[in-house]
Every structure is written in structure tokens, then in C-alpha cells.
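# Structure assessment
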Amino acid sequence: MAKKTIHDFHKMVAEGEKITYLTAYDYLTAKMVEKAGMDMILVGDSLGMVELGYETTLPVTLEDMIRHCQAVRRGAPNTFIVGDMTYMSYQVSDEQAVESAGRMIKEGWCDAVKLEGGGERMASRIKAINESGILVMGHIGLTPQSMGQQGGYKAQGRNSQAAVNIVKEAKRLEEAGAFSILVEAVPSAVGKAITDRANIPILGIGAGPYTHGQLLIFADMIGLFDNFTPKFVRQYANVNEIITNAFKQYYQEVKENKFPIDGEHTYKMKEEEVNEFLDLLEKQGI
Ligand code: KIV
């Protein structure tokens, strides 16, 4: 199938077809995500926690992202890929943001970039990136790169004034030129209010069922990442258990000499060659 474009996403919104969005960070996963027919892939900076074992997303570098975006592109050549802008790769200035976004496209082979946050400062970054010809997705609500200011990984917009502020932020980012906005961890009423007022695709992760599309982190939804599971995740499989059991079985079978089985997992050698080989070893005193 041909890779989707922003025109397809707008058509899907107009026709009421939900947009499916899933993270991937490596070649093998990306291949499976594309095979499943996903509309969009996010190479998120959640990479830091899911794949690199950091406690937060903050240590992830632009180089990490570029390396993983390339791997995802190799696995999913026909899927629209959004790459996350890493912490401090866009916060400093519009110029820095354009340069970093350019690298994500030019070296990471992404179709679009995503950055976190609202306010005048992020609206300005989005405007600058958009004006440089790059598709940019906003990300509001819970924004893990500002978890210090947000007091941890907490749902946002849970009182009326905070909810109004998030709806205003969405409008501001749309006006600045975001081609789409991801809304994370807000009450359904807030997700709906943003979606009802938007002229661009609104995607949600923990933002309720009314957004134009849904995102999940692949390792959460297949039960691979077991450090914690956010409330908004539905677990479609328990891959962690399947893999751990396979590892345990392998461990046991090697210990018990049940693997490998000669003749089944081994390379053959003609009997006369084996005899000659053993003879040679003996003659050469090896
Ligand atoms: O990095 C990521 O995967 C994200 C999601 C948590 C929304 O930005």
C-alpha cells in the first residue's frame, strides 16, 4: 500500500475514519507495524525508557533518534513516520528547532517531526519549522519532557480552567501551523472539546475516544514493558510472559542437554569424512 500523506489523514477525518498510530523504535517492530496496516508510526523519545532503559526521556539525544528513525524507516518503508524532537534539541531557539527538525527529515528519513509543549515559545518553534517546509505535530496535555514542572507523569486539564487552557493551546498550535496535534492524558471531555474545534487531525493517547485517532506505545499494548502501565493502555497481548518463558525453556534445555539435538539442529558430515577427520587428529597428535 502507498504511504499515506496529510491529504489522506484529512480525508479520513472528513469521512469519520479513525487514524491508527503506534510507536516503533526498531526494524523488526516497524516491519510488524507496517504489516498490520497502521496509518502512522511514532518514533517517540519514549525510546529512552522503553528501549534504552533510562528512567525518563530526557537523556535521549538527536543522534539516538536519528539512528532509530532510520531503522524504523527500513522496516516500514511505506508508512508515514513521525520522529520526536528530543529534549533540548528545539527549546533554545527557532533556529535550533529548524536545524534539528531538518536532521530528523534528512538523516532520520521521517515524514514529520513532533515537539512537546504550548505557549508563545512552542508556537514560534512550530511556525519556524512549518515555514521551513517540514510537517510538524504538536503535543500537549501531559508532556513528559516537562515532567518536573508538571509534577510527574500526571493527567492534565482536570479542572475547568486548566481544561480551557489546553483547548486554547491546541488552537494556538493549529494557528502556528501544526499539521496535527497529539493530546496526552487528559479527560475525555477535554479531548472531545479540542477535536470538535480543530481543523487538523487530533490524535490522542489517554485523551478518550473522541479524538480523530489513537496512539499507543507498542511495548505497553503488547505487555512487553512491565515497569508500569498507564491507566489508558489496553493490553492486547502479554508478550513479556511469552518471551520470558521461551528464555527460561532455552536455559533449562541447555542445562539438561536437551538442546541442541544432534541430527536436528546440527550440520551433517559424511561418515567417511568424520572417520578421516578423527584419524587426522590422532595422527597429528591434536
Ligand atoms: O515519546 C513518545 O512515545 C510520546 C508518547 C508518550 C506520546 O511522545
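Residues numbered from 1 in each chain as written. Predicted model: local features only at pLDDT ≥ 70, side-chain atom pairs only at ≥ 80, totals over all residues. Heavy atoms only, no water.

Every α-helix carries 3.6 residues per turn, so stepping three or four residues along brings you back to the same face. Taking 1.5 Å of rise per residue, the 14 residues of helix α4 (residues 62–75) would be expected to cover 20 Å, and the 20 Å separating its terminal C-alpha atoms lies within 8% of that figure. α4 sits mainly inside the fold: 10 of its 14 residues count as buried. Of all the residues in α4, the buried ones are L62, M65, I66, H68, C69, Q70, A71, V72, R73 and G75. Tucked into the core, α4 has its buried residues touching α2 (27–35), β2 (40–43), α3 (47–50), β3 (80–84) and α5 (94–106). (Helix = DSSP H or I, 4+ residues; strand = E, 2+ residues; numbered from the N terminus. Expected span 1.5 Å × (residues − 1). Buried < 20%, exposed > 50% of the residue type's maximum accessible area, 1.4 Å probe, protein only. Contact = heavy atoms within 4.5 Å.)

Okay, empty space enclosed by the protein next. The full count for this structure, using the stated rule, is one cavity of 30 Å³ or more. Taken as a whole, the largest cavity spans an internal volume of roughly 50 Å³. Residue lining of the largest cavity: V167, A170, K171, E174, I181, I194, R197, A198, I200 and I202, and that is the complete set. Of the residues that constitute the lining of the largest cavity, the class distribution is seven nonpolar, no polar and three charged. (1 Å grid on protein atoms, 1.4 Å probe; cavity = no way out; pocket = protein on both sides within 12 Å on 5 of 7 lines; lining within 4 Å. Points joined across faces, edges and corners; volume = space filled by probe spheres on them. Nonpolar A, V, L, I, M, F, W, Y, C, P; charged D, E, K, R; others polar.)

The environment of the ligand is made up of 13 residues, and the closest members are G44, D45, S46, D84 and K114. In the environment of the ligand, an oxygen atom lies 2.5 Å from a nitrogen or oxygen atom belonging to the side chain of S46. Interatomic distance of 3.0 Å between a side-chain N/O atom of D84 and an oxygen atom of the ligand. Here the ligand has 260 Å² of accessible area as a free molecule, and 96% of this is covered by the chains. Here the ligand is seated within the largest pocket. (Near = heavy atom within 4 Å. Polar contact = N/O pair within 3.5 Å; in protein donor to acceptor, adjacent residues only side chain to side chain. Areas by Shrake-Rupley, 256 points an atom, 1.4 Å probe, with all protein chains shown as cover. Sits in = over half its atoms within 2 Å of the grid points.)

Per the domain assignment, the segments making up the protein chain are domain 1 (6–241) and domain 2 (242–283). For domain 1 versus domain 2, the separation of C-alpha centres amounts to 48 Å. Listed by partner, the interface residues are five residues for domain 1 and four residues for domain 2. Of all residues in domain 1, V239, N240 and E241 give up the largest surface area on contact with domain 2, accounting jointly for 83% of the area buried on that side. At the junction of domain 1 and domain 2, the tally comes to zero salt bridges. The interface formed by domain 1 and domain 2 holds nine residue pairs in polar contact (both at pLDDT 80 or more) in total. Here the residues of the side of domain 1 that touches domain 2 sort into two nonpolar, two polar and one charged. (Domains from an automatic or database assignment. Buried area = accessible area lost by both parts, 1.4 Å probe. Salt bridge = Lys/Arg side-chain N within 4 Å of Asp/Glu carboxyl O.)

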